[in-house]
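Per-entry structural report
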Amino acid sequence: ALGRLSDLLTNAATPPSTLTYIDTHAFILEAPCKEPAAWLEEIGHHLLQHPAYESYFGAEYPHLCSCAYRCSTGLILDRTKTTQSLKLVLAESDAPTRRILKAQLDKEFTATETRTHTILNCAEDLPQAAVVAKGPLLALVDPFKIEDVDWDAIRRGLAGFIGQGTDAVVEVFTYSKT
């Protein structure tokens, strides 16, 4: 899923003034890309089929030119620089990756009273971080493997963020190499 949930913000005319963003498999903000030409070719293929990929292509292109891939949370940060109130809730189960994510966030994200981030050890910890969103909610549920009990925790966590009148988009997909 090229660009995944970040496409929603990338294609938006203007970013919202308030946003809660949840990613259950955050990985890191920017990762090395060993084959940027192949990735650009794949994006180009999608672009020919769906012109909406143009904004994603524009957002990812400068990173790929530096042999890097901007992951969803990184693209969200790029698109929400003017968002006054931004709450990131990111889960990453791999401890070394979580340390890289934290270091990248410390470098790129200026936390304030209204711009905050929480990094969880796993998606199943989402209920512990749940606070009803004060504006739109975008959530990417991106599991490699998930059991029913994990789905239940994620469901409860998401429910804790979504209150009456909360505009929410939740994208759920599974990973497959086929």
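These numbers come from a predicted model, not from an experiment. (Residues numbered from 1 in each chain as written. Predicted model: local features only at pLDDT ≥ 70, side-chain atom pairs only at ≥ 80, totals over all residues. Heavy atoms only, no water.)

This next bit is on the pattern of salt bridges. For the structure shown, the criterion picks out six salt bridges. Between Asp-78 and Arg-70 there is a salt bridge whose closest N-O contact spans 2.8 Å. You can call Asp-78 partly exposed: its relative accessible area is 29%. Assessed through its relative accessible area of 2%, Arg-70 is described here as buried. Each of Glu-30, Arg-70, Asp-78 and Glu-108 takes part in a single network of salt bridges with overlapping partners. (Salt bridge = Lys/Arg side-chain N within 4 Å of Asp/Glu carboxyl O. Buried < 20%, exposed > 50% of the residue type's maximum accessible area, 1.4 Å probe, protein only.)

This next bit is on the packing of aromatic side chains. Using the criterion set out here, one finds two aromatic pairs in the structure. When the centroid spacing of 5.2 Å and the interplanar angle of 85 degrees are considered together, the rings of Trp-39 and Tyr-69 count as edge-to-face. Within this pair, whereas Trp-39 is found in helix α2 (residues 36-49), its partner Tyr-69 is found in strand β3 (residues 68-70), the two being separated by 30 residues in sequence. Of the residues examined, Trp-39 reaches a relative accessible area of 22% and is grouped as partly exposed. By relative accessible area, which is 18% here, Tyr-69 ends up buried. (Phe/Tyr/Trp six-rings, centres within 6.5 Å; stacked < 30°, edge-to-face > 60°. Helix = DSSP H or I, 4+ residues; strand = E, 2+ residues; numbered from the N terminus.)

In any sheet, the strands associate via hydrogen bonds between backbone groups, in a parallel or an antiparallel arrangement. Here five strands make up an open sheet; going across it, the order is β5-β4-β1-β6-β7 and the pairing parallel. In this open sheet, the two edge strands, each paired with only one partner strand, are β5 (115-120) and β7 (168-172). Across the sheet, the axes of successive neighbouring strands diverge by a mean angle of 10 degrees, strand direction being ignored. Looking at chain direction, strand β1 (residues 18-23) and strand β4 (residues 85-91) are connected through six bridges and run parallel. Paired with Thr-18 across the two strands is Ser-85, which belongs to β4. On the sheet, helix α4 (residues 72-79) packs against β1, β4 and β6 (137-141) and is oriented at approximately 170 degrees with respect to β1. Contacting β1, β4, β6 and β7, helix α7 (residues 148-161) crosses the sheet at an angle of about 170 degrees to β6. (Pairing = 2+ DSSP bridges. Axes fitted to C-alpha atoms, helices over the stretch in contact; angles between N-to-C directions. Contact = heavy atoms within 4.5 Å.)

Close contact between α2 and helix α3 (residues 53-64) brings their axes to 10 Å; oriented N to C, the two are set at 170 degrees. The orientation of α2 with respect to α3, classified from their angle, is roughly antiparallel. The residues of α3 that touch α2, namely those facing Pro-36, Trp-39, Leu-40, Ile-43, His-46 and Leu-47, are Tyr-53, Glu-54, Tyr-56, Phe-57, Glu-60, Tyr-61 and Leu-64. A class-by-class count of the residues in the contact of α2 with α3 yields ten nonpolar, one polar and two charged. (Parallel < 35°, antiparallel > 145°, perpendicular 65-115°, else oblique. Nonpolar A, V, L, I, M, F, W, Y, C, P; charged D, E, K, R; others polar.)

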